[in-house]
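# Inside the fold
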Amino acid sequence: MYKIAKENLSALFQMIAEVQELYLPVRTAGQTNYAAWTTEAEVDLGTLKTVKSAKDAFFPQSEGLYTVRKENKKMKIHPEELKTQDFVVFGMKACDVQGVEVLDRVFLSDPIDSFYAARRSNGTIVAMACQEPEETCFCKVFGIDCAEPKADVVTWMIGENMYWNSVTEKGDKLTESVKSLLSQTDETQEREVVETKETIHAIVEKLPYMNLSLEGWNGDALSEKFDSPIWEELYKPCLACGTCTFVCPTCQCYDIKDYTAGESVSRYRCWDSCMYSDFTMMAHGNNRTSQMQRFRQRFMHKLVYYPANNDGMYSCVGCGRCVEKCPAALNIVKVVKAFQKQGDEK
């Protein structure tokens, strides 16, 4: 394990950015989101959760696919180049790292999404432990350890130092490239890391959603949950704004659109939301004609459909962003508790 003084982090960022792209939490206009590092950027590693996750680094909100141009009276297709530049995503929390694993199972399954695969191949994740998890966090419910994220490099902020532990080959490669700024830790300092993890675990145990029960939610609960009358009451406050899907680290729905630029037509894809009335609309209409059906689809996918197809793994990571951002106070916690209450009343 290594350490680096907090006052030297700017030098660390500079060294990484000299040889590859660097994305990390940056504060702009009062909000913190992941952005490319520059010397002028206001780096904000102190904010627990960015507004959006770092999902954009691997699955951009909008990306070009190809352009069609008319050349010598013939139409020529020019595919967009795949990502070839190495890059580092710095400061991801355990929930967001788990979110990338959820995306992996979607985009790296056959047929493999080549755009996503190229980014995953070239991206290195430097995760940061959550020093003070917030009341809206419930990652432990999904088996996530916010004190020790599963990433290429794991870091902990303790006192005036950041502690650095490489976990994978990608992490080793990155560590070697910045080793001149790192110093080896001793046994006393490594004990500090262990004690810090214990402190974080103690905080997690006191969070209000820590004991949220997922009993009855799995890939075998399709008919029971789908046909429940509870959805008819739960969905009513929903505004269909899609905020929950855009801040979610695991939502992977997208639309494909074309636009013309005179002599060419470009095709791109962009994030979409299952909460929208025109989502997957085709010539015959929409297979989900009511907001209740769309609301139900979102949570059934997270808690039933996805685990049914992914060895029991849920498509929620307990980050709590939907708890914080939904203007109608609807979220996955409220859904789970509503079904739990029904079970308790039987």
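In this text, all values refer to a predicted model and were calculated from it rather than measured experimentally. (Residues numbered from 1 in each chain as written. Predicted model: local features only at pLDDT ≥ 70, side-chain atom pairs only at ≥ 80, totals over all residues. Heavy atoms only, no water.)

### Some remarks on the overall build of the protein
- In terms of helices and strands, the protein carries 11 helices and 12 strands.
- In summary, the protein has a C-alpha radius of gyration of 22 Å against a globular reference of 20 Å for 346 residues, a match within 12%.
- Projecting the C-alpha coordinates of the protein onto the three principal axes gives extents of approximately 70 × 65 × 40 Å.
- Among the 346 residues that make up the protein, the fraction classed as buried is 49%.
- Restricting to contacts in the protein with at least 6 residues of sequence separation, those with at least 24 account for 71%.
- Per element, the accessible surface of the protein, about 17400 Å² overall, is 48% carbon and sulfur.
- Across the protein, the 40 positively charged side chains and the 49 negatively charged ones have centroids separated by 6 Å. (Helix = DSSP H or I, 4+ residues; strand = E, 2+ residues; numbered from the N terminus. Rg over C-alpha atoms; globule rule 2.2 N^0.38 Å. Buried < 20%, exposed > 50% of the residue type's maximum accessible area, 1.4 Å probe, protein only. Contact = heavy atoms within 4.5 Å. Areas by Shrake-Rupley, 256 points an atom, 1.4 Å probe, with all protein chains shown as cover. Lys, Arg positive; Asp, Glu negative; His and termini not counted. Charge placed at Lys NZ, Arg CZ, Asp CG, Glu CD.)

### Observations concerning helix α1 (residues 9–19)
- Along α1, the residues that are buried comprise L9, L12, F13 and I16. Projected down its long axis, α1 carries its buried residues within an arc of 95°, all on one side. Pointing more than 90 degrees away from the buried face of α1 are the exposed residues S10 and E18.
- On its buried face, α1 sits against β1 (2–5), β2 (21–28), β6 (87–92), β8 (153–158), β9 (161–166) and α4 (169–177). (Arc of directions from axis to C-beta.)

### Topic: the sheet that holds strand β4 (residues 62–71)
- Read across the sheet, 4 strands follow the order β5-β4-β12-β11 without closing on themselves; strand pairing throughout is antiparallel. With partners counted over all chains shown, the strands left at the sheet margins are β5 (74–79) and β11 (254–260), one partner each. Geometrically, the sheet is characterised by an average inter-axis angle of 20° between neighbouring strands, direction not taken into account.
- Pairing of β4 with strand β12 (residues 264–271) involves 7 bridges; the strand directions are antiparallel. Within the sheet, the bridge partner assigned to E63 lies in β12 and is R269.
- Strands β4 and β12 of the sheet are contacted by helix α3 (residues 114–122), whose axis makes an angle of about 125° with β4. (Pairing = 2+ DSSP bridges. Axes fitted to C-alpha atoms, helices over the stretch in contact; angles between N-to-C directions.)

### Considering the layout of surface pockets
- In this structure, the largest pocket occupies an estimated 290 Å³ of space.
- Contributing to the lining of the largest pocket are 17 residues, with V97, Q98, E101, K150 and A151 lying nearest its centre.
- If you tally residues by element for the lining of the largest pocket, the top one is helix α2 (residues 94–107), at 6 residues.
- When the residues that make up the lining of the largest pocket are grouped by side-chain class, the tally is 7 nonpolar, 2 polar and 8 charged. (1 Å grid on protein atoms, 1.4 Å probe; cavity = no way out; pocket = protein on both sides within 12 Å on 5 of 7 lines; lining within 4 Å. Points joined across faces, edges and corners; volume = space filled by probe spheres on them. Nonpolar A, V, L, I, M, F, W, Y, C, P; charged D, E, K, R; others polar.)

### Observations regarding the pattern of salt bridges
- Under the counting rule described, the total for this entry stands at 19 salt bridges.
- Of the charged contacts, one joins E205 and K140 as a salt bridge, the two residues approaching to 2.2 Å between their closest N and O atoms. Taken together, the residues E205 in helix α5 (residues 187–205) and K140 in the loop between β7 (123–128) and β8 connect sequence positions 65 residues apart.
- The exposure class of E205 is partly exposed, given its relative accessible area of 41%. (Salt bridge = Lys/Arg side-chain N within 4 Å of Asp/Glu carboxyl O.)

### Here we look at the environment of D44
- Considering the arrangement of structural elements, one finds D44 in the loop between β3 (31–36) and β4.
- The class for D44 is buried, based on a relative accessible area of 14%.
- As a C-alpha pair, D44 and G91 span 47 residues in sequence and 9.5 Å in three-dimensional space.
- Filtering out sequence-adjacent residues up to four positions away, D44 remains in contact with P25, V26, R27 and T32.

### Some points on the sheet that holds β8
- Taken together, 8 strands build an open sheet; the order of strands is β3-β2-β6-β7-β8-β9-β1-β10 and the sheet is mixed. Each edge of the open sheet carries a strand with a single partner, namely β3 and β10 (183–184).
- One ladder, built from 3 bridges, connects β7 with β8; its direction is parallel. In the sheet register, A127 faces β8, and the bridge partner there is V154.
- Packing of α1 onto the sheet brings it into contact with β1, β2, β6, β8 and β9, and relative to β2 it is tilted by some 135°.
- This element, α2, spans β6 and β7 of the sheet and lies at about 135° to β6.

### Some points on the side chain of K197
- Assignment of secondary structure puts K197 in helix α5.
- By relative accessible area, which is 16% here, K197 ends up buried.

### Some remarks on unusual backbone geometry
- Of the consecutive residues D110 and P111, the connecting peptide bond is found in the cis state with omega at 0°.
- As for its placement among the helices and strands, P111 is situated in the loop between α2 and α3.
- Here the phi dihedral of A240 falls at roughly 60°; this positive angle occurs in a residue that is not glycine.
- Note that A240 resides in the loop between α7 (230–234) and α8 (243–247).

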